[in-house]
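Here is what each chain is made of, one letter per residue.
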Amino acid sequence: MEPNPLAPLEHFLPQVWFFILGLFLFLYILLDGFDLGIGILSLTSSNEQRRSILMTSLGNVWDANETWLVLMGGSLFGAFPLAYATILNALYLPAVIMVVGLILRAVSFEFRENANNKRVWNLAFGIGSFLAALGQGFAVGTVFEGIKVDAAGHFAGGMWDWLTWHSVLVALTLIQGYVLIGSTYLIYKTTGELQQTHYRTATIAAWTTFIGAVLITISAPIFHEHLRAQLFQPPLFYVFAAIPALGVLLVFLLLRSLQKREEVMPLVWTFLLFLMSFIGLGFVIFPNIIPPSVTIYEASASPSAQVFMLIFVAFLIPIMLAYNLYNYLVFRGKVVA
């Protein structure tokens, strides 16, 4: 039998696209995460002046942050069409929850500016942020836990398979993580009493996120056989041991920076915490794209389709990164009433 000349590409390209999708998802969670966190925090604002400062801090960046989610969805459809169909089928209801939340956020953000009575739109923005974060948490928890598929890789589970105690734990932890990153962003963007308030909310969210992460880390290999078999095999075992240890160190550094009332470093340590968590999730899932049984090689599109998309994305990623960076540089500095 003659060797397949495309075999190296069929092995290499799915890995490249797995990394690209991970990058898109990480940038979305990181950037839109503080948007959602601030939206959830707005539900606890004591007066309209404080709430206006929170909304103003998002006014010029929130819509750009969500473009990474759109780009990730399109890339998943093009690079791994089987995974796109199966994952969306399995996560239909969490996706609906997330989309409803994002619609509520977008509508309320725009309508609030011109409304005489802002209370309804304030509430809609906060609830929309919570729903979007909740839907994302259920989705992450379900993918982490595994999706039931048939021999062809199509979804073979039920409508409510995503609703388990473990996905609820992941969702609540992700919400606390968003509140944490939102609080540290507000520490950087605000001053005075409002800044002091978010030093406190960041400290509380750091502890609740840490507790949730510990429970997830301990329970995952205990209750899920496929994760136990994968995590305790070298070399992944060493990664599995190192990432929680680094996470504990980062939480310590974060709490210390909050205690010292630093402005920039709490946000930096929170970013690094998200990065470490994301790297750990990537190691746990790889090489699967539909855990625990469908790999990136089985679900990938043809090499020609992946190469075509890669050329397009190679131009798009630098443009989007440059735009986001320019946007944050232009609107840097404190937000005041």
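The structure displayed is predicted, hence computed values, not measured ones. (Residues numbered from 1 in each chain as written. Predicted model: local features only at pLDDT ≥ 70, side-chain atom pairs only at ≥ 80, totals over all residues. Heavy atoms only, no water.)

Some thoughts on the overall build of the protein chain
Along the protein chain, the regular secondary structure elements total 14 helices and two strands. Expressed as lengths along the three principal axes of its C-alpha atoms, the size of the protein chain is roughly 75 × 40 × 35 Å. Taken over 337 residues, the protein chain has a buried fraction of 48%. Here the analysis covers contacts within the protein chain between residues at least 6 apart in sequence; of these, 80% occur between residues at least 24 apart. With an accessible surface of roughly 16,600 Å², the protein chain has 72% of that area assigned to carbon and sulfur atoms. Side-chain charges in the protein chain split into 15 positive and 17 negative, and the spacing between the mean points of these groups amounts to 17 Å. (Helix = DSSP H or I, 4+ residues; strand = E, 2+ residues; numbered from the N terminus. Buried < 20%, exposed > 50% of the residue type's maximum accessible area, 1.4 Å probe, protein only. Contact = heavy atoms within 4.5 Å. Areas by Shrake-Rupley, 256 points an atom, 1.4 Å probe, with all protein chains shown as cover. Lys, Arg positive; Asp, Glu negative; His and termini not counted. Charge placed at Lys NZ, Arg CZ, Asp CG, Glu CD.)

Quick word on the packing of aromatic side chains
Given two aromatic rings, one states the distance between the centres and the angle between the planes to describe the pair. On inspection of all chains with the given rule, the structure shows eleven aromatic pairs. Relative to Tyr84, the ring of Phe77 has its centre 5.1 Å away and its plane inclined at 75°; by these criteria the two rings are edge-to-face. Their ring planes at 70° and their centres at 5.0 Å tell us that Phe111 and Trp121 sit as a pair that is edge-to-face. Placement of Phe111 in helix α6 (residues 92-114) and of Trp121 in helix α7 (residues 119-145) is noted, with a sequence separation of ten residues between them. Note on Trp121: relative accessible area 25%, which makes it partly exposed. (Phe/Tyr/Trp six-rings, centres within 6.5 Å; stacked < 30°, edge-to-face > 60°.)

Here's the deal with the nonpolar core
Generally speaking, soluble globular proteins have nonpolar side chains that are buried together. Among the nonpolar cores identified, the biggest contains 97 residues, and Phe80, Ile289 and Ile290 are the most heavily contacted of them. Those residues within four positions of Ile289 in sequence are excluded, and the remaining contacts are Phe18, Phe80, Ala83, Ile87, Val294, Thr295, Ile296 and Ala299. (Core = buried A, V, L, I, M, F, W, Y, C linked by side-chain atoms within 4.5 Å.)

Examining a nonpolar patch on the surface
Nonpolar side chains collect at one region of the surface, where Leu43, Tyr92, Val96, Val100, Leu104, Leu123 and Ile127 lie side by side and expose about 580 Å² of accessible area between them. Of all the elements, α6 adds the most residues to the nonpolar patch, at four residues. A relative accessible area of 35% places Ile127 in the partly exposed class. (Patch = residues over 30% accessible without salt bridge, like charges linked within 9 Å, V, L, I, M, F, W, Y side chains within 5 Å. Salt bridge = Lys/Arg side-chain N within 4 Å of Asp/Glu carboxyl O.)

With respect to unusual backbone geometry
Looking along the chain, the bond that leaves Phe286 and enters Pro287 is cis, with omega of 5°. Of note, the phi angle at Arg261 is positive, near 60°, even though the residue is not glycine. Tracing the chain through its elements places Arg261 in the loop between α11 (236-259) and α12 (265-285). Arg261 gets classed as partly exposed once you look at its relative accessible area, which sits at 38%.

Points about the confidence of the model for the protein chain
Taken residue by residue, the protein chain gives an average pLDDT of 86. The fraction at 70 or more is 96%. Across the protein chain, the element-wise mean pLDDT spans from 71 in helix α10 (residues 225-231) up to 92 in helix α8 (residues 165-189). (pLDDT = per-residue confidence, 0-100.)

Focus: α11
Between its first and last C-alpha atoms α11 spans 35 Å; for 24 residues at 1.5 Å apiece the expected length is 34 Å, and the two agree. Residues of α11 that are buried: Leu236, Ile243, Gly247, Leu250, Val251, Leu253, Leu254, Leu255, Ser257 and Leu258. Just past α11, the residue Arg261 takes up positive phi, approximately 60°. (Expected span 1.5 Å × (residues − 1).)

A short note on the side chain of Asn327
Position of Asn327 relative to the elements: it lies in helix α14 (residues 303-330). With relative accessibility at 6%, the residue Asn327 sits in the buried group. With near-sequence residues (within four places) excluded, Asn327 lies in contact with Asn60, Val61 and Ala64.

Quick look at the pattern of salt bridges
According to the stated counting rule, one finds one salt bridge in the structure shown. The partner of Asp32 in a salt bridge is Arg105, and the shortest N-O contact between them spans 3.9 Å. Residue Asp32 is found in helix α1 (residues 7-42), and its partner Arg105 is found in helix α6; the two are separated by 73 residues along the sequence. The exposure class of Asp32 is buried, given its relative accessible area of 0%.

Some points on the environment of Thr208
Tracing the sequence through the fold places Thr208 in helix α9 (residues 192-223). For Thr208, a relative accessible area of 30% translates into the label partly exposed. Between the C-alpha atom of Thr208 and that of Gln176, which follows or precedes it by 32 residues, the distance is 6.6 Å.

Examining the packing of helix α4 (residues 67-79) against α14
For the pair α4 and α14, the least separation of the axes is 12 Å and the interaxial angle reads 170°. Of the possible angle classes, the one that applies to α4 and α14 is roughly antiparallel. In this structure, α4 uses Thr67, Trp68, Leu71, Gly74, Ser75, Gly78 and Ala79 to contact α14, whose residues at the interface are Gln306, Met309, Leu316, Met320, Leu321 and Asn324. In terms of residue class, the contact of α4 with α14 is made up of seven nonpolar, six polar and no charged. (Axes fitted to C-alpha atoms, helices over the stretch in contact; angles between N-to-C directions. Parallel < 35°, antiparallel > 145°, perpendicular 65-115°, else oblique. Nonpolar A, V, L, I, M, F, W, Y, C, P; charged D, E, K, R; others polar.)

Looking at the environment of Gln306
Inspection of the secondary structure assignment puts Gln306 in helix α14. Spatially, the C-alpha atoms of Gln306 and Leu13 are 6.9 Å apart, while their sequence positions differ by 293 residues. Only 2.8 Å separates the side chain of Gln306 from the backbone oxygen of Ala301, close enough to count as a polar contact. (Polar contact = N/O pair within 3.5 Å; in protein donor to acceptor, adjacent residues only side chain to side chain.)

Quick word on the packing of α9 against α11
The packing of two helices is summarised by the inter-axis angle and the distance between the axes. Contact geometry for α9 and α11: axes closest at 10 Å, N-to-C directions at 170°. Between α9 and α11, the angle falls in the class roughly antiparallel. In the crossing of α9 with α11, the sense of the turn from one axis to the other is left-handed. Across from Tyr199, Ala202, Thr203, Ala206, Trp207, Phe210, Thr217 and Pro221 in α9, the residues of α11 making contact are Phe240, Pro244, Val248, Val251, Leu254, Leu255 and Leu258. Class assignment of the residues belonging to the contact of α9 with α11 gives a composition of 13 nonpolar, two polar and no charged. (Left-handed = near helix turned anticlockwise from the far one by under 90°.)

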